[in-house]
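Coordinate inspection notes
Letter by letter, the chains look like this.
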Amino acid sequence: MNGKNGFTGPSGAGEAQMKGESGGGRRVRQPAGKRPGGCAEADVEMETRPDMQRAPRHDSQATGMIDRSLQAQLGRQLRAIFEGIEEEPVPERFVKLLEALEAREKQR
Amino acid sequence: MNIHSGPLKQALLGLIPNLRAFAVSLCGDVERADDLVQETLLKAWNHLESFQEGTNLRAWLFTILRNTYFSDCRRRRREVEDREGKKAAELAIHPGQQGHLDMQDFRRALNLLPPDQREALVLVGAAGFSYEEAASVSGCAVGTIKSRVNRARTKLTEMLGVNTPREFGPDSSTEAIVARTAGGTRLP
């Protein structure tokens, strides 16, 4: 097999997309913190807001790691099934079928 | 040029293991898979004029096989849905009971994926086709293949329920062995 893997390959892209989205989300939300208030209030916002958003981000990073590990595991199992069948000898019925088709061809 | 007979027979013979692997992964049933392979070989032999020489014989055969499979599926859709409903019920009680990914669980989960997602996953993740080749085999856009592969992965992860860190690393099976050993070697 050529090492192409439906699990690890697209997973990178998917995560980049997820991170991109959440990063975008943070950037979008920060300006929303603009209020008719003083600098102190703005500072508090800067302190608390990222915290509130950091928690789920940690979770998603952990999940990302688990997903990668799981997906590698799933990929190995998928290939194990596939390669297991590939290694089986060609069933006799197919050899006979092709011989019959070939014989028919020669008679024409 | 006519690649009938000798060379074609050899080429087909050489691709049978690959075709069988695809068929079994696709339908989850060795007997049905071999019927699909047989039908594919017959169709290929009888419609060789529609094969463009110099193009990928393997991709052409995969296309015939998957088209045969999907038209077969459409014919027996109701029956298949019933069976998959039962399989889903069996699966639901399974994964939580053991902390590791068992091959049987994996097979069952794979068979429960929507056929188009399973096909995309197998083509790209096991048969070694590029997204472009997989798209041409399945007769759809490259983006469609990509999203099917992603959805298949997500669904497998959900179905197998391996979402917590505890289910990795030194897991419950290790604990079970430790417990068993501790119980078994207790000195009198």
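What counts, and where the lines are drawn
- Residues numbered from 1 in each chain as written.
- Chains lettered and ligands numbered in written order.
- Predicted model: local features only at pLDDT ≥ 70, side-chain atom pairs only at ≥ 80, totals over all residues.
- Helix = DSSP H or I, 4+ residues; strand = E, 2+ residues; numbered from the N terminus.
- Buried ≥ 20, exposed ≤ 12 C-beta atoms within 10 Å, placed from the backbone.
- Axes fitted to C-alpha atoms, helices over the stretch in contact; angles between N-to-C directions.
- Parallel < 35°, antiparallel > 145°, perpendicular 65-115°, else oblique.
- Contact = placed C-beta atoms within 7 Å.
- Nonpolar A, V, L, I, M, F, W, Y, C, P; charged D, E, K, R; others polar.
- pLDDT = per-residue confidence, 0-100.
- Core = buried A, V, L, I, M, F, W, Y, C linked by C-beta atoms within 7 Å.
- Domains from an automatic or database assignment.

1. Some points on the overall build of chain A
A tally of helices and strands in chain A yields three helices and zero strands. Mapped from its N terminus to its C terminus, chain A presents α and β elements in the order α-α-α. Out of the 108 residues in chain A, the part that is buried amounts to 17%.

2. Here's the deal with the packing of helix 6 (residues 115-125) of chain B against helix 8 (residues 142-160) of chain B
Residues and elements named next belong to chain B. The geometry of helix 6 relative to helix 8 is characterised by a closest axis approach of 8 Å and an angle of 100° between their N-to-C directions. Overall, the two elements helix 6 and helix 8 adopt an arrangement that is roughly perpendicular. Residues Asp116, Gln117, Arg118, Ala120, Leu121 and Val124 of helix 6 pack against Ile145, Arg148, Val149, Arg151, Ala152 and Lys155 of helix 8. Its residues placed into classes, the contact of helix 6 with helix 8 shows six nonpolar, one polar and five charged.

3. Some thoughts on the environment of alanine 59 of chain B
All names here are of chain B. Mapped onto the elements of the fold, alanine 59 is located in helix 3 (residues 57-75). Once the C-alpha coordinates of alanine 59 and serine 136 are considered, the two residues, 77 residues apart in sequence, prove to be 8.2 Å apart. If we skip the residues at most four places from it in the chain, alanine 59 touches Glu133, Ser136 and Val137.

4. Let's talk about the confidence of the model for chain A
Residues and elements named next belong to chain A. In the predicted model, chain A carries a mean pLDDT of 62, and 39% of its residues have values of at least 70. Per-element confidence in chain A ranges from a low mean pLDDT of 40 for helix 1 (residues 8-32) to a high of 91 for helix 3 (residues 92-107). Low confidence marks residues 1-6, where pLDDT is under 50. Its contacts with residues over four positions away, or in another chain, come to 14 contacts. Note that pLDDT drops below 50 for residues 8-58; the model gives that stretch 20 contacts with residues more than four away or on any other chain.

5. A few points about the confidence of the model for chain B
Residues and elements named next belong to chain B. Across chain B, pLDDT averages 80, with 70% of residues at or above 70. Element-level pLDDT for chain B is lowest in helix 9 (residues 172-184), with a mean of 45, against a maximum mean of 97 in helix 7 (residues 131-138). Under a pLDDT of 50 for its full length, residues 92-99 has, in the predicted model, nine contacts with residues more than four places off or in other chains. Below pLDDT 50 for its whole length, residues 164-188 participates in ten contacts with residues either more than four positions away or in separate chains. Taken over the whole predicted complex, pTM reads 0.65, whereas the ipTM for its chain interfaces reads 0.71.

6. Some words on the nonpolar core
Residues and elements named next belong to chain B. Within the largest apolar cluster, 52 residues are counted, with the highest numbers of intra-cluster contacts made by Phe22, Ala23, Leu65, Val124 and Ala134. Here this core takes eleven residues from helix 1 (residues 6-27), the largest share from any one element. In this structure, this core is formed jointly by two domains, domain 1 (1-75) and domain 2 (80-161), each of which donates at least three residues. Excluding its chain neighbours within four sequence positions, the residues that come into contact with alanine 23 are Ala33, Leu36, Val37 and Leu65.

7. So, helix 7 of chain B
Residues and elements named next belong to chain B. By the criterion of burial, helix 7 is predominantly enclosed, with six of the eight residues buried. For helix 7, every residue scored as buried is listed here: Tyr131, Glu133, Ala134, Ala135, Val137 and Ser138. Directly beyond the C-terminal end of helix 7, a positive phi value near 65° is found at glycine 139.

8. Structural notes on helix 6 of chain B
Along an α-helix, a turn takes 3.6 residues, which lines up residues three or four apart on a common side. Of all eleven residues that make up helix 6 of chain B, nine are buried, and the element is covered over most of its length. Those residues of helix 6 of chain B that sit buried are Gln117, Arg118, Glu119, Ala120, Leu121, Val122, Leu123, Val124 and Gly125 of chain B.

9. Examining the environment of proline 115 of chain B
All names here are of chain B. Here proline 115 shows up in helix 6. Looking at proline 115, the number of C-beta atoms within 10 Å reads 17, which means it is partly exposed. When the C-alpha atoms of proline 115 and alanine 152 are compared, they prove to be 9.7 Å apart, with 37 residues separating the residues in sequence. Setting aside residues no more than four positions away along its own chain, proline 115 makes contact with Phe70 and Cys73.

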